[in-house]
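Here is what each chain is made of, one letter per residue.
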Amino acid sequence: MTAPATHHVAVRDTRLAVHTSGSGLPLLMLHGFPLDHGMWARQEPLAEHLRLIVPDQRGFGGSAGPGPKSMEQLADDAVALLDALHVTEPAVVCGLSMGGYVAQHVAARHPDRVAALVLVDTRLEADTPDVRAGRVDLAAKVGRIGQRIVAEAMVPRLLATSAEARGAPDRVAIEAELQRTIEAQPVATIQAALAALGDRPDMTDAMRRLRAPALLVVGAEDALTPPACMEKAEQLIPDARLLVVPRAGHMTPLEAPGVFNAAVLEFLRAAVAGRT
Ligand code: MLT
């Protein structure tokens, strides 16, 4: 397997870093908040079957700022990135949490570009007033204290907390990796993204009308978007199947990469026949 190639691509009013590998059916992978492409490193084996397109969304990782204004803007960036990479055929759009919100907007705004959706540890609903107020508070704190405060608030909640999950051999390495990644994101990007996340609309009706097949994946121990969120989504998305992954929290692709990668391939073999 060859290492992914990194490109810097002019996309609309910014410049995105994107990591590509493999060939075949395109799989666009959209990271969560406040992370970057690195959270998908354990999905690299999928490049044996698929064309992986793994960007840093605007303001994050190696991509230029400013940070996002809205989920709609990130969705339009994603499609403009596919254009810039000459991906004209419908792609599989996969997103975790914030990336899942963006993936839903890609499907709603650009349905012809989506062969299938993979929604991971995410939800369809908008924020409650309490969650929105928490984001305003965190944005103020990150301005005063720096990224460390976000890492401290989030890392313990991102991963599964059962004794079995905490004892996993790569647990300490994953925690350190998440901590490093969060602390590397610019404060202004974190603040912009918090505002954009708080403003995002409810996508329930849009997802009721989803034409593409969807795979929904959630960690059984996800504390941020618990399994009930994806169970509800399974009820209303017309062609959806749900996988609840044991011993995984909010970062299922990192915490259970073997289960996650196999589920994606099995889903695509069934749902996008003949393409993997
Ligand atoms: C994420 O993982 O992307 C965030 O938890 C999303 C959110 O805060 O809603």
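Residues numbered from 1 in each chain as written. Predicted model: local features only at pLDDT ≥ 70, side-chain atom pairs only at ≥ 80, totals over all residues. Heavy atoms only, no water.

**Thoughts on helix H4 (residues 148–158)**
Selection criterion: Using a 1.4 Å probe on the protein chains alone, a residue whose accessible area is under 20% of its type maximum counts as buried, one over 50% counts as exposed, and one in between counts as partly exposed. Think of it this way: any DSSP run of H or I at least four residues long counts as a helix, any run of E at least two long counts as a strand, and we number them from the N terminus. Should any heavy atoms of two residues lie within 4.5 Å, those residues are counted as being in contact.
Where H4 is concerned, the buried positions are Ile149, Val150, Ala151, Met154, Val155 and Leu158. Residues of H4 that are buried sit in contact with helix H3 (129–145), helix H6 (171–184), helix H7 (187–199) and helix H10 (252–255).

**Brief notes about the packing of aromatic side chains**
Counted only if it meets this: Pairing of aromatic side chains here covers Phe, Tyr and the six-membered ring of Trp, requires ring centres within 6.5 Å, and sorts the geometry by plane angle: under 30 degrees stacked, over 60 edge-to-face, intermediate tilted. Here, over-ring charges are defined by two tests on the NZ atom of lysine or the CZ atom of arginine: distance to the ring centre within 6 Å, and angle to the ring normal within 35 degrees.
Under the counting rule described, the total for this entry stands at 1 aromatic pair. On the numbers, 6.4 Å between centres and 35 degrees between planes, the contact of Trp40 with Phe260 is tilted. One end of the pair, Trp40, is in the loop between strand E3 (26–30) and strand E4 (51–55); the other, Phe260, is in helix H11 (residues 257–271), with 220 residues separating them in the sequence. With respect to class, Trp40 is no different from Phe260; both count as buried. Stacked on the ring of Tyr101, the Lys or Arg Arg200 has its end atom at 3.8 Å from the ring centre.

**Looking at the side chain of Thr225**
As a reminder of what qualifies: For the purposes of these results, a polar contact is taken to be a pair of N or O atoms within 3.5 Å, where, inside protein, one atom must be able to donate a hydrogen and its partner to accept one; residues adjacent in sequence count only when each atom of the pair is a side-chain atom.
Tracing the sequence through the fold places Thr225 in the loop between strand E7 (214–219) and helix H9 (227–236). Of note is the side chain of Thr225, whose polar atom sits 3.0 Å from the backbone oxygen of Asp121. At 3.2 Å, the side chain of Thr225 and the side chain of His250 are in polar contact. With sequence-adjacent residues up to four places away left out, Thr225 is seen in contact with Asp121, Thr122, Arg123, Val218 and His250.

**A look at the sheet that holds strand E5 (residues 91–96)**
Cut-off, in case you're wondering: Following DSSP output, two strands are said to pair if at least two bridges run between them. Only C-alpha atoms enter the line fits that serve as axes; for helices the fit covers just the stretch in contact. Angles between N-to-C directions range over 0 to 180 degrees.
A sheet is described by the order of its strands in space; here 8 strands give the open sequence E1-E2-E4-E3-E5-E6-E7-E8, paired in mixed fashion. Each having just a single partner strand, strand E1 (5–11) and strand E8 (240–245) make up the two edges of the open sheet. If you compare each strand with its neighbour and ignore which way they point, the axes differ by 20 degrees on average. Against the sheet, helix H1 (residues 71–84) touches E1, strand E2 (14–21), E3, E4 and E5, its axis set at about 115 degrees to E1. Taken strand by strand, H9 contacts strand E6 (114–120), E7 and E8, and its axis lies near 165 degrees from that of E7.

**Some thoughts on the nonpolar core**
Note the cut-off: We define the nonpolar core as a collection of buried residues of types Ala, Val, Leu, Ile, Met, Phe, Trp, Tyr and Cys that are connected through side-chain atoms lying within 4.5 Å of one another.
With 92 residues, the main nonpolar core has Phe33, Leu117, Leu178, Met207, Ile237, Met251 and Leu268 as its most contacted residues. No other element matches H1, which puts 8 residues into this core. Each residue touching Leu117, except ones within four places of it in the same chain, is listed here: Val93, Ala103, Ala107, Met207, Leu210, Pro213, Ala214, Leu215 and Phe267.

**Thoughts on the packing of H4 against H6**
Which entries qualify depends on this criterion: Crossing handedness: left-handed means the near helix sits turned counterclockwise from the far one by under a right angle, and right-handed means the same turn made clockwise. Three classes are used: nonpolar for Ala, Val, Leu, Ile, Met, Phe, Trp, Tyr, Cys and Pro, charged for Asp, Glu, Lys and Arg, and polar for all others, with Gly counted as polar.
Interhelical geometry of H4 versus H6 gives an angle of 145 degrees and a closest axis separation of 9 Å. Of the two possible hands of crossing, H4 and H6 adopt the one that is right-handed. Where H4 approaches H6, its residues Arg148, Val150, Ala151, Met154, Val155 and Leu158 are matched on the opposing element by Glu175, Leu178, Gln179, Ile182 and Glu183. A per-class count over the contact of H4 with H6 returns 7 nonpolar, 1 polar and 3 charged.

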